[in-house]
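Reading the structure
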Amino acid sequence: MKVFEEWKKQRNEAVLKQDYSGEPVIQQDIDEMSDEMLDFTLARFVAEVRKEDGQEYPGKTLYEILSSIQMYLRVQCKRNITLIDKKGCTFRNLNSALNFVMKERARQGIGVDVNQANLITQEQENYLWEHGFLGSENAELLRDTLVWVLGVQFALRAGQEHRNLRLRNSQLSLQCDELGREFLQYTEDISKTNNGGLSHLRIKRKVVRAYKNLTNVERCPVELYKKYLSHVPNEVSDNAFYLRALPKPNGEIWYYKKAAGRETLGNVVKKIMKKAQFDGHYTNHSLRRSCATRLYDGGVPEQLIQETTGHRSSDGVRAYKCTSSALKREASEILQGSLSKKAVIDVEKKDENGAGENYTAREVKVVSPEKCDQEGTNQSVVVSTNSTRIVISYK
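Scope of this entry: the structure provided in the associated data block. (Residues numbered from 1 in each chain as written. Predicted model: local features only at pLDDT ≥ 70, side-chain atom pairs only at ≥ 80, totals over all residues. Heavy atoms only, no water.)

In terms of helices and strands, the protein chain carries 14 helices and 10 strands. Counting only contacts in the protein chain whose residues sit at least 6 apart along the sequence, the fraction spanning at least 24 positions is 55%. By element, 47% of the accessible surface of the protein chain is carried by carbon and sulfur atoms, the whole surface being about 24300 Å². (Helix = DSSP H or I, 4+ residues; strand = E, 2+ residues; numbered from the N terminus. Contact = heavy atoms within 4.5 Å. Areas by Shrake-Rupley, 256 points an atom, 1.4 Å probe, with all protein chains shown as cover.)

Now the structure itself:
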């Protein structure tokens, strides 16, 4: 509403100076305007409004401003009104102007590039672990690492879902499955898509498991969670899960009884990536996007990705998934003919007595086919260990 009122003031001043010959002064407040007057006024607003620096608004931003005005009219003014309508039955001038301006701004490239949070690749995360930017050696590092790990494992939304985590009656719990394998479980209570009210009564709550990492204990979500709990005080003042770090440990206690600050939690990923000198727009939301993308790249079914992220529709999941650079590079190489070669792998595995067992050969894609580009010839590479002999034949 502030943008609209500022535009209205500037426009009336221009009309009075005769810069807008024949145009009327807009005297009515927006909540007093008839539908016809709203159609006239908002159509001109869409065409004329500019930012404070004189730059044009992206089309999507104009759409969102109009949506806010519509919400104001519905909630504050109690008017059953729909400003943005594809058929444009009531507000024809407004919808025609908005449609034209959005197309024109897109043609000019205004607002085409969306400033989304960057993905975090597995290679980047490995670097962070290997160089001490992630770990559990001190209070701040352990807490920030837990924000990172839980953000990736449970696809938590950047701000509120982390701050909603409780220490008592927690959404997090250690459990074992039917085979006795330990895991950390996150059970959603409220979220952006489930506020716990009557309208969401039948919505299935998101429940996600993070199993114990037996091969890499320092990165294990179960062990990190246990270590964090072992260093928090027995009683905390506001039941927040993430607590402020003490400058120096007090015995086994590493944290104050008070919650970590909003900005402290909100800037965890940005701080870590900046320390590691990774350039780009990295935020806590990068963890959620990276979760969806890694599952997608790993061939996980869309239904399971949706259950992990908590999206209520497949369209929401697809907006979060992003094809990795590796897959995009492979697609480009396919189009250039660089991946047309195939390799046949023949594996012979021997037991302790030296007896061998042949497995059926299968075809795989070769990333570097330049080694076998002689047409009409077969080339082979042999890789051997004490128990396994692998023959890769290019053709």
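Turning our eyes to something else, we now look at helix H1 (residues 2-16). Compared with an ideal rise of 1.5 Å per residue, which puts 15 residues at 21 Å, H1 spans 21 Å between its outermost C-alpha atoms and is within 8% of the ideal. Looking only at H1, the buried set comprises Phe4, Trp7, Lys8, Arg11, Asn12, Ala14 and Val15. Seen from one end, H1 has its buried residues packed into an arc of 160°, which puts them on one side. Across H1 from its buried face, at more than 90 degrees, point the exposed residues Lys2, Lys9 and Leu16. Close packing links the buried residues of H1 with helix H2 (35-48) and helix H3 (59-75). At the C-terminal side of H1, glutamine 18 shows a positive phi close to 70°. (Expected span 1.5 Å × (residues − 1). Buried < 20%, exposed > 50% of the residue type's maximum accessible area, 1.4 Å probe, protein only. Arc of directions from axis to C-beta.)

Bridge count for strand S4 (residues 243-250) against strand S5 (residues 253-259) is three bridges, and the pairing is antiparallel. When the bridges of S5 are listed, leucine 243 appears paired with alanine 259. Adjacent in sequence and paired antiparallel, S4 and S5 are bridged by two residues, among which glycine 251 carries a positive phi angle near 70°. (Pairing = 2+ DSSP bridges.)

Moving on, we come to the nonpolar core. In terms of nonpolar packing, the biggest core is built from 42 residues, with Trp148, Leu150, Phe154, Leu172, Phe241 and Tyr242 touching the most fellow members. Of all the secondary structure elements, the ones that give two or more residues to this core are helix H5 (122-130), helix H6 (139-154), strand S2 (182-187), strand S3 (207-211), helix H8 (221-230), S5 and helix H10 (268-275). Per element, the largest residue contribution to this core is nine residues, and it comes from H6. Residues within four places of leucine 150 in sequence aside, it is in contact with Ala155, Leu156, Leu165, Leu172, Leu184, Phe241 and Tyr242. Among the nonpolar cores identified, the runner-up in size contains 23 residues, and Leu42, Tyr57, Cys77 and Leu98 belong to it. (Core = buried A, V, L, I, M, F, W, Y, C linked by side-chain atoms within 4.5 Å.)

Spatial strand order, S1-S2-S3: three strands in an open sheet with antiparallel pairing. Two strands lie at the open edges of the sheet, namely strand S1 (172-176) and S3, each paired on one side alone. Between one strand axis and the next, the sheet turns through 30° on average, direction left out of account. In the sheet, S1 pairs with S2 via five bridges, with the strands oriented antiparallel. (Axes fitted to C-alpha atoms, helices over the stretch in contact; angles between N-to-C directions.)

Our focus in this paragraph is unusual backbone geometry. The phi dihedral of alanine 155 falls on the positive side, at around 50°, and the residue is not glycine. When you line up the elements, alanine 155 lands in the loop between H6 and helix H7 (160-163).

Moving on, we come to the packing of H2 against H3. At a minimum axis separation of 11 Å, H2 and H3 run at an interaxial angle of 150°. Judged on the interaxial angle alone, H3 and H2 are roughly antiparallel. Viewed along their axes, H2 and H3 form a crossing whose handedness is right-handed. Contacts from Leu38, Leu42, Phe45 and Val46 of H2 reach H3 at Leu62, Ile65, Leu66, Ile69 and Leu73. Grouping the constituent residues of the contact of H2 with H3 by class yields nine nonpolar, no polar and no charged. (Parallel < 35°, antiparallel > 145°, perpendicular 65-115°, else oblique. Left-handed = near helix turned anticlockwise from the far one by under 90°. Nonpolar A, V, L, I, M, F, W, Y, C, P; charged D, E, K, R; others polar.)

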